[in-house]
Amino acid sequence: MNREESLGDALDQLSTRFGIELPELVESVEGALAQAYRKAFDPPGEIVLHLDPRSGEMRISSWLIADDGSQVERMLPVDEFKRTAAQTARWAVMRHLRNLERDLALSELAQRHGELSSGTVDRVDRGQVYIDLGKVQGWMPPEEQIPGEVWRPGQLITVVLLEPRARWRDAQVRVSRNSKTFVLRLLEAEVPEVASGLVQVREIVREAGLRSKVAVSSEDRSIDPVGSCVGPRGVRHHALLTELGGEHLDIVPYSTDHSRFVAAALGPARILTVEVDLEIRNAQVTVERDQLSLAIGKDGQNARLAAKLTGLRIDIRPSEADPLDASEDGVGENPPAPAPDQSGEEPRPGPI
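Rules and cut-offs
- Residues numbered from 1 in each chain as written.
- Predicted model: local features only at pLDDT ≥ 70, side-chain atom pairs only at ≥ 80, totals over all residues.
- Heavy atoms only, no water.
- Helix = DSSP H or I, 4+ residues; strand = E, 2+ residues; numbered from the N terminus.
- Buried < 20%, exposed > 50% of the residue type's maximum accessible area, 1.4 Å probe, protein only.
- Polar contact = N/O pair within 3.5 Å; in protein donor to acceptor, adjacent residues only side chain to side chain.
- Core = buried A, V, L, I, M, F, W, Y, C linked by side-chain atoms within 4.5 Å.
- Contact = heavy atoms within 4.5 Å.
- Pairing = 2+ DSSP bridges.
- Axes fitted to C-alpha atoms, helices over the stretch in contact; angles between N-to-C directions.
- Phe/Tyr/Trp six-rings, centres within 6.5 Å; stacked < 30°, edge-to-face > 60°.

J.: Tell me about the side chain of Q200, and name the residues and values.
T.: In this structure, Q200 sits in strand β9 (residues 200–207). For Q200, a relative accessible area of 16% gives the class buried. At 2.6 Å, the side chain of Q200 and the backbone oxygen of G197 are in polar contact.

J.: Which residues make up the nonpolar core, and what are the values?
T.: Counting 26 residues, the largest nonpolar core has V262, L266, V285, I314 and I316 as its most contacted members. Listing elements by their share of this core, those giving two or more residues are α8 (258–265), β12 (271–277), β13 (282–287), α9 (292–296), α10 (301–310) and β14 (313–318). Here the element with the most residues in this core is α10; it accounts for 5 residues. Those residues in contact with V285 that sit more than four places away from it in its chain are V262, L266, I271, T273, V274, I314, D315, I316 and R317.

J.: If you had to explain the sheet that holds β13 to someone new, which residues and values would you point to?
T.: Read across the sheet, 3 strands follow the order β12-β13-β14 without closing on themselves; strand pairing throughout is mixed. Edge strands, defined here as strands with exactly one partner in the open sheet, are β12 and β14. Averaged over all pairs of adjacent strands, the angle between strand axes in this sheet comes to 20 degrees, irrespective of strand direction. The sheet contact formed by β12 and β13 spans 6 bridges and is antiparallel. Across the sheet, E275 pairs through a bridge with Q284, a residue of β13.

J.: Pulling in residues and values, what's your account of the sheet that holds strand β3 (residues 71–75)?
T.: Across a sheet, paired strands are connected by hydrogen bonds in the backbone, their directions being either parallel or antiparallel. The sheet built from 3 strands is open, its strands ordered β1-β2-β3 with antiparallel pairing. In the strand order of this sheet, the two ends are held by β1 (46–51) and β3, each with one partner. Ignoring which end each strand starts from, the neighbouring axes of this sheet average 30 degrees apart. Bridging between strand β2 (residues 58–65) and β3 involves 5 bridges; their strand directions are antiparallel. Within the sheet, the bridge partner assigned to W63 lies in β3 and is E73. Contacting β1 and β2, helix α2 (residues 22–41) runs over the sheet at an angle of about 135 degrees to β1.

J.: Summarise the packing of aromatic side chains; cite the residues concerned and give the values.
T.: Any two aromatic rings considered together are summarised by their centre-to-centre distance and by the angle between their planes. Applying the stated criterion across every chain yields a total of 4 aromatic pairs. Ring geometry for Y37 against F81: centres 5.0 Å apart, planes inclined by 75 degrees, an arrangement best described as edge-to-face. Here F81 lies in the loop between β3 and α3 (82–111) and Y37 lies in helix α2, a separation of 44 residues in the sequence. Taken individually, Y37 and F81 each receive the classification buried, so the pair is uniform in this respect. Plain terms: the ring middles of F41 and F81 are 6.3 Å apart, the flat faces sit at 70 degrees to each other, and that makes the pair edge-to-face. Of this pair, F41 sits in helix α2 while F81 sits in the loop between β3 and α3; the two residues are 40 residues apart in sequence, bridging distant segments of the chain. Its relative accessible area of 35% is what places F41 among the partly exposed residues.

Right, here's the structure in full:
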């Protein structure tokens, strides 16, 4: 079998194997061969190369402008080019396949935005973590990482996929462990009731690396949404904490009753009373003195996240407060909160 026949058979096999239309593949090879011929022999005029995909035979010509202005075709020799042609064709096919795989990977990644993916840390360079995700490379910049986590090559890692981007040779995708979506996808992976929709995740607030709060509910009264997420003997909750690197994760019951929701959001502190004023989006909370620091949290973190979760400003004070307790008022944040609907019933619009 001569070289031309081998080339034709190879193109035919690649077309079938990778599902590429033969004319598309032949066009890429013809373009690469024409460029290689010009580089090797530098003939005058415009080079036109035709490749028969069945026989592998090449026909090369150049089009010149005659003195009268008409175009004249001149046939060019191919014998000296045959050895170069086989190598050039192989390179052209590989480049075409590489570009095709990259484009297919980018298309697939665009459809998988927000999904979980696992891989192996390839390298860490100047705070950027590069991850082998199989067909593509994951790229996790510092702002998408959980503060305090340290990654080394070879470690297994789970991330959520964000935006893909094309590079010269391959596809790359921005990934995250810092986003709320990462927590949501972990819940879906660990809790079948969440994945099936029996338990709805109503809201997530997060300070990555420190604490997250998740409000859950279920329309099925026979299902305990919090218990479903915690799991028997806390196994599901423990699995979530392990994946989050020890970050605290509070799972609380969502309620349309603002007072009950605020009390739950301030867990694990025990709450005595909650008075809500929806007109000013404020909740006055009373706790026992020994629960005050727990309700507020370190640097106000627990109260701050509870305020974000409920959409209310939360003021916490101990029961039977004396003047020395006045400094504890107003520890909750006053985040931008959605205005209540006309009924004033729903603190949140629904599942995220």
